[in-house]
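Structural characterization, general
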Amino acid sequence: NSQGLSSLSELNLQGVSSLMQGVSSLILKPALNGGIVQTIKLIEFAKTHNISAVLSSAFESNYAISQYAKLANELELTNTFHGLDTWKWNAGVPREFEVLNGQMRITKC
């Protein structure tokens, strides 16, 4: 890209509002963009710019995926579908959630 950034984790969020014109969604992979704290900052940034924040997993454990689902719920990101279906590749691994009709229900805290 023109700023030489390889990911959102390297982006200083101040002064980039002009870059957000026309952006409708930010796809966020917490494991790849600096962890949960950085992801929360990016979600807050998206909310202040009326941009939908979408959480997506990058083949993490079922535990990590359930934490992303909890984060989406806690931060009220319930108006979109999140890319958390990589859990299906973890066949036979216990998970803290169940999936029914495309919705994830957290069964443990």
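First things first, this report covers the structure right here in the doc.

Conventions adopted
- Residues numbered from 1 in each chain as written.
- Predicted model: local features only at pLDDT ≥ 70, side-chain atom pairs only at ≥ 80, totals over all residues.
- Heavy atoms only, no water.
- Helix = DSSP H or I, 4+ residues; strand = E, 2+ residues; numbered from the N terminus.
- Buried < 20%, exposed > 50% of the residue type's maximum accessible area, 1.4 Å probe, protein only.
- Contact = heavy atoms within 4.5 Å.
- Core = buried A, V, L, I, M, F, W, Y, C linked by side-chain atoms within 4.5 Å.

We now examine the overall build of the chain. Of the regular secondary structure elements, the chain holds 2 helices and 4 strands. Helices and strands in the chain line up, N terminus first, as β-α-β-α-β-β. Taking all 109 residues of the chain together, the buried fraction comes to 33%. Relative to all contacts within the chain whose residues are 6 or more apart in sequence, the contacts with residues 24 or more apart total 64%.

Right, let's get into the nonpolar core. Note on soluble globular proteins: their nonpolar side chains tend to be buried together. Among the nonpolar cores identified, the biggest contains 19 residues, and Leu 28, Ile 43, Ala 53, Leu 55 and Leu 77 are the most heavily contacted of them. Secondary structure elements with two or more residues in this core: strand E1 (25–28), helix H1 (35–48), strand E2 (52–55) and helix H2 (62–74). The biggest single contributor to this core is H2, with 6 residues. Excluding anything up to four places from it in sequence, Ile 43 contacts Leu 28, Ala 53, Leu 55, Leu 71, Leu 75 and Leu 77.

Okay, unusual backbone geometry next. Backbone geometry places Asn 50, a non-glycine residue, at a positive phi of 55°. Turning to its location among the elements, Asn 50 is positioned in the loop between H1 and E2. We classify Asn 50 as exposed; its relative accessible area is 74%. A positive phi angle, close to 60°, is found at Phe 59, a residue other than glycine. Mapped onto the elements of the fold, Phe 59 is located in the loop between E2 and H2.

Everything listed here is a matter of coordinates, which is why it stays silent on function.
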